[in-house]
Structure formats: structure tokens, C-alpha cells
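The residues making up each chain are set out below.
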Amino acid sequence: MRHLSVYGSAAAACLELIAEMSKHVFLTGPPGVGKTTLVQKACEALVSSGVGVEGFYTEEVREGGRRVGFDVVTVRGERGRLSRIRDVSAPSHGRREYTVGQYVVDLASFENVALPLFRNVGSAAEGGSRKVFVIDEIGKMELYSQSFIRAVRQTLESSSCTILGTIPIPKGKPLGLVEEVRGRRDVKVFTVSKENRNSLLQEVIAALEHCLKQTS
């Protein structure tokens with residue numbers, strides 16, 4: 001029993017050390033499980049406690065009850081097209097199309113909205129203010145942008161903010177940056193399910209508060 005106690009203590013110490021190292025928080029889970037909703041609720045709670053929040057969400061676009069694509073929406077409300085269902089009647093004019101399933105990604109629109117947020121994130125921490133930077137999400141559509149990939153990597157290494165992001169669950173061919181994020185020692189990953197999504201909010205907020213202490 002003593003050996004079990006020693007091993008148990010060692011495991012607990014290891015988990016505590018990992019928690020102390022965390023700088024960023026990411027949510028993962030299947031599509032439609034509620035990751036974005038959980039991110040938004042966490043941000044609302046943080047803002048009400050005086051924490052600054054920047055970044056972007058990904059939102060479904062529906063017409064007549066049918067999903068026709070996705071928009072990227074900043075925390076401040078600026079909106080741009082991320083993708084739409086391919087219009088088979090529209091000419092491509094020889095341009096390369098970036099596609100995920102039935103959706104065509106509007107790379108220029110995404111970059112025009114998202115990339116300036118990353119450029120501003122360093123100055124957002126001036127004066128010692130505490131900041132959370134939302135990246136919802138790092139997925140197949142967003143990863144067509146090499147500039148986005150570079151910006152995410154730079155922000156992960158930065159001490160100017162704590163990231164609250166979302167990544168997809170492993171499926172099919174691994175996505176390089178997604179697995180890179182998942183495997184980082186300074187990232188705390190929560191798996192969201194229909195069973196825990198309503199009870200996970202306080203844990204996510206507590207983890208973010210802890211991370212903010214590391215970056216302050």
C-alpha cells in the first residue's frame with residue numbers, strides 16, 4: 001500500500017506540475033457538440049471579471065434552415081466569409097479552389113478578418129492588462145492559410161496573452177498544427193461532449209485564470 005501511495009503522490013505531483021506549466025487552453029470534441037458556445041460563455045464570464053478578450057469565432061451560416069457555410073466573426077463583431085457551399089453554376093475563372101467537403105473556402109476573406117487580430121495581440125497586452133485571445137477554430141478550412149499557421153505558432157510562443165482555442169478531434173489524416181497544439185506541454189486540452197458541456201464551464205474558466213497568472 002505504501003508503494004501505491006508513493007506512486008499516487010508522484011502522479012499527483014506530475015499532474016500539478018503540468019497544470020503549473022499551462023499557458024493556453026483548448027477545447028476539442030466532435031462537430032456541433034458546443035465548443036464555440038462554451039468558448040463564448042467563458043469569454044463573457046472573463047469580461048465581466050475585468051479580463052480583456054480579443055480574437056475570433058467561427059459561426060454557421062444558415063438559409064432556410066439549411067447550413068450553407070461558415071463565417072469568421074471577431075469578438076468585436078466584425079464578420080467575414082470563411083466558406084460557402086460550392087456553386088456548381090459559377091465559373092471558376094481558372095482560380096485554385098480551396099475546398100473542404102462541399103464547401104469552398106474564401107481564403108482572402110478569412111485572412112482579411114483574422115490576421116490583423118494576431119498582429120494586434122502583442123500591443124493588446126500593453127500596460128500589464130490581462131488578455132485572452134480566442135482562436136475558434138484551428139481546423140481544415142483555416143489551415144489552408146500559411147499566414148494563419150505562422151501567426152498561431154508565434155502567438156503560442158508569445159507571453160503577451162493566453163489563448164482560448166478549439167481544435168477538432170483526430171479523424172482521418174492528422175492535421176499538423178492541430179496535433180502540434182494537442183501535444184504541447186503548455187496547453188491544457190478539454191474534451192467537450194454532450195454529457196459534460198454544461199458542467200465544464202467553471203473548469204475552463206478556472207484553467208484560464210490559472211494561465212493568466214502565468215502570463216501576467
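Before reading further, recall that the structure is shown in the block above.
No experiment lies behind these values; they were computed from the predicted model shown. (Residues numbered from 1 in each chain as written. Predicted model: local features only at pLDDT ≥ 70, side-chain atom pairs only at ≥ 80, totals over all residues. Heavy atoms only, no water.)

*Asks:* Is there a simple way to think about the nonpolar core in this case?
*Replies:* As a rule of thumb, soluble globular proteins bury nonpolar side chains together. Residues F56, I135, I138 and F148 are the most contacted members of the largest nonpolar core, which totals 33 residues. Counting residues per element, the ones that place at least two in this core are β3 (66–74), β6 (103–105), α3 (107–121), β7 (131–135), α4 (146–157), β8 (162–168) and α5 (176–182). Among the nonpolar cores identified, the runner-up in size contains 24 residues, and V51, Y57, L164 and A207 belong to it. (Core = buried A, V, L, I, M, F, W, Y, C linked by side-chain atoms within 4.5 Å. Buried < 20%, exposed > 50% of the residue type's maximum accessible area, 1.4 Å probe, protein only. Helix = DSSP H or I, 4+ residues; strand = E, 2+ residues; numbered from the N terminus.)

*Asks:* Can you help me understand the pairing of β7 in this one?
*Replies:* Where burial is concerned, most of β7 is hidden: 5 out of the 5 residues are buried. Every second residue of β7 is oriented toward a common face, with K131, F133 and I135 on one face and V132 and V134 on the other, all of them buried. Where strand β2 (residues 52–63) lies against β7, 5 bridges are found, and the strand directions are parallel. In the strand pairing of β7, F56 is matched with I135. (Pairing = 2+ DSSP bridges.)

*Asks:* Teacher, can you tell me more about the environment of K171 here?
*Replies:* Residue placement: K171 occurs in the loop between β8 and α5. The class for K171 is exposed, based on a relative accessible area of 70%. Once the C-alpha coordinates of K171 and P30 are considered, the two residues, 141 residues apart in sequence, prove to be 9.7 Å apart.

*Asks:* Help me understand unusual backbone geometry, please; the structure alone is not making it clear to me.
*Replies:* Negative phi values dominate among residues other than glycine, just as trans dominates among peptide bonds. A cis amide bond, omega 15 degrees, links D136 with the succeeding residue E137. Here E137 shows up in the loop between β7 and α4.

*Asks:* Teacher, can you tell me more about the sheet that holds β3 here?
*Replies:* Hydrogen bonding along the main chain pairs the strands of a sheet, whether they run parallel or antiparallel. If you walk across this open sheet you meet the 9 strands as β5-β6-β4-β3-β2-β7-β8-β1-β9, and the pairing is mixed. Strands with a single pairing partner mark the edges of an open sheet, and in this sheet they are β5 (98–100) and β9 (187–191). Put simply, the sheet's adjacent strands are angled 25 degrees from each other on average, direction ignored. (Axes fitted to C-alpha atoms, helices over the stretch in contact; angles between N-to-C directions.)

*Asks:* Explanation requested: the pattern of salt bridges in the structure shown.
*Replies:* Side-chain pairs of opposite charge can arise whenever the charged atoms involved come near each other. Taken as a whole, this structure holds 12 salt bridges when the rule is applied. A salt bridge links R182 to E179; the nearest nitrogen and oxygen atoms lie 3.0 Å apart. With R182 and E179 both in helix α5 and 3 residues apart, the pair spans about one turn of that helix. Residue R182 is classed as partly exposed on the basis of its relative accessible area of 23%. A relative accessible area of 30% means that E179 is categorised as partly exposed. Across the salt bridge formed by D186 and R184, the nearest N and O atoms sit 2.8 Å from each other. Overall, the relative accessible area of 12% leaves D186 in the buried class. (Salt bridge = Lys/Arg side-chain N within 4 Å of Asp/Glu carboxyl O.)

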